[in-house]
Amino acid sequence: LSTKADVSDISGRGVGMDVVKTNIAKLGGIIDLQSEEGIGTKVTVTLPITLAIISALVVRIGGRLFAIPLANVQEAVVLDPNTVRVIDGREVVTLRGSTLQLCRLARLFGLEGMEDGPNGWGTREVLTDEAAANGKRRDYVVVSAVGARRLGLVVSTLVGEQDVVIKALGRSLKAVRGFAGASELGDQRIALVIDAPALIEEMAAGGERR
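In what follows, the accompanying structure is described.

Cut-offs and rules
Residues numbered from 1 in each chain as written. Predicted model: local features only at pLDDT ≥ 70, side-chain atom pairs only at ≥ 80, totals over all residues. Heavy atoms only, no water. Helix = DSSP H or I, 4+ residues; strand = E, 2+ residues; numbered from the N terminus. Buried < 20%, exposed > 50% of the residue type's maximum accessible area, 1.4 Å probe, protein only. Contact = heavy atoms within 4.5 Å. Areas by Shrake-Rupley, 256 points an atom, 1.4 Å probe, with all protein chains shown as cover. Expected span 1.5 Å × (residues − 1). Patch = residues over 30% accessible without salt bridge, like charges linked within 9 Å, V, L, I, M, F, W, Y side chains within 5 Å. Salt bridge = Lys/Arg side-chain N within 4 Å of Asp/Glu carboxyl O. Phe/Tyr/Trp six-rings, centres within 6.5 Å; stacked < 30°, edge-to-face > 60°.

## Some thoughts on the overall build of the protein chain
Thinking step 1. Within the protein chain one finds four helices and 15 strands.
Thinking step 2. Taken across its 210 residues, the protein chain has 38% of its residues classed as buried.
Thinking step 3. Taking as baseline every contact in the protein chain between residues at least 6 positions apart, the subset at least 24 positions apart corresponds to 52%.
Thinking step 4. On the protein chain, roughly 12,600 Å² of surface is accessible, and the fraction owed to carbon and sulfur atoms is 50%.

Written as structure tokens, this is what we have:
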């Protein structure tokens, strides 16, 4: 992208914008472009949260707690397995007249097939396919959005909304994609804060790395 009409030795090649994109990517952010012919282009830059107090939707996935910033949450609905389709190798559902790609976080985080135990403190039990089919497990879709992009995050339980303090994961874990940090909840349990923009960017690129 260049705003120059003519190319010279020092401008007009679009290199400056590429440098901006590279540095934003190093910070874990993304750039969203929305263009309309004859009107112009809107550039939205989204950077991950490093340390802040935010409102978040706390969810449970495979006996573990996670927090999704409400700024990235549009709505949450019950997932009907009968409505899930596979298009180009990706699971999708139709929600309010548009196609929504799904991301099963239990699979992405290596927690697939695990659920909460009776005490609700992360004790886990393996659910068989038969138990899941009999209705013991009901999943939810949290619709997350960044700019014009949307992604349905599949979780096992909606715990509720909370104000949480996000703390950085530290030097040894800062390279792990998909998390903006961690938070200690009121009951002294730890919840990882999901970096929705990073997940949306990764899924849009066709990746599903654990």
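## What to know about helix α1 (residues 15–26)
Thinking step 1. Over its twelve residues, α1 runs 17 Å from end to end, which matches the ideal 16 Å to within 8%, given 1.5 Å per residue.
Thinking step 2. Looking one or two residues beyond α1, the residue adopting positive phi is G28, at roughly 85°.

## Looking at a nonpolar patch on the surface
Thinking step 1. A cluster of nonpolar residues, L33, V43, V45 and L47, forms a patch on the protein surface that exposes about 350 Å² of accessible area.
Thinking step 2. In this structure, V43 sits in strand β2 (residues 40–46).

## A closer look at helix α4 (residues 196–204)
Thinking step 1. Of all nine residues that make up α4, seven are buried, and the element is covered over most of its length.
Thinking step 2. Along α4, the positions that sit buried rather than exposed are A196, P197, A198, L199, I200, E202 and M203.

## Considering the environment of A145
Thinking step 1. If you trace the backbone, A145 turns up in strand β11 (residues 140–146).
Thinking step 2. Given a relative accessible area of 13%, A145 falls into the buried group.
Thinking step 3. Between the C-alpha atom of A145 and that of Q74, which follows or precedes it by 71 residues, the distance is 6.7 Å.
Thinking step 4. Among all residues touching A145, those that are not within four sequence positions of it are N72, Q74, R150 and I200.

## Details of the packing of aromatic side chains
Thinking step 1. Within the structure shown, the criterion is met by three aromatic pairs.
Thinking step 2. Note on F66 and F109: the rings are 5.2 Å apart at their centroids and 25° apart in plane angle, and the pair reads as stacked. Residue F66 is located in strand β4 (residues 64–69), and its partner F109 is located in the loop between α2 (105–108) and β9 (114–116); the two are separated by 43 residues in the primary sequence.
Thinking step 3. Both rings, one in F109 and one in F179, keep their centres 5.1 Å apart while their planes meet at 35°; by these two values the pair is tilted. With a gap of 70 residues between them, F109 in the loop between α2 and β9 and F179 in strand β14 (residues 179–184) connect regions that are remote in the sequence.
Thinking step 4. F179 gets classed as buried once you look at its relative accessible area, which sits at 16%.
Thinking step 5. Here the aromatic residues F66, F109 and F179 are joined through ring pairs into a cluster of three or more.

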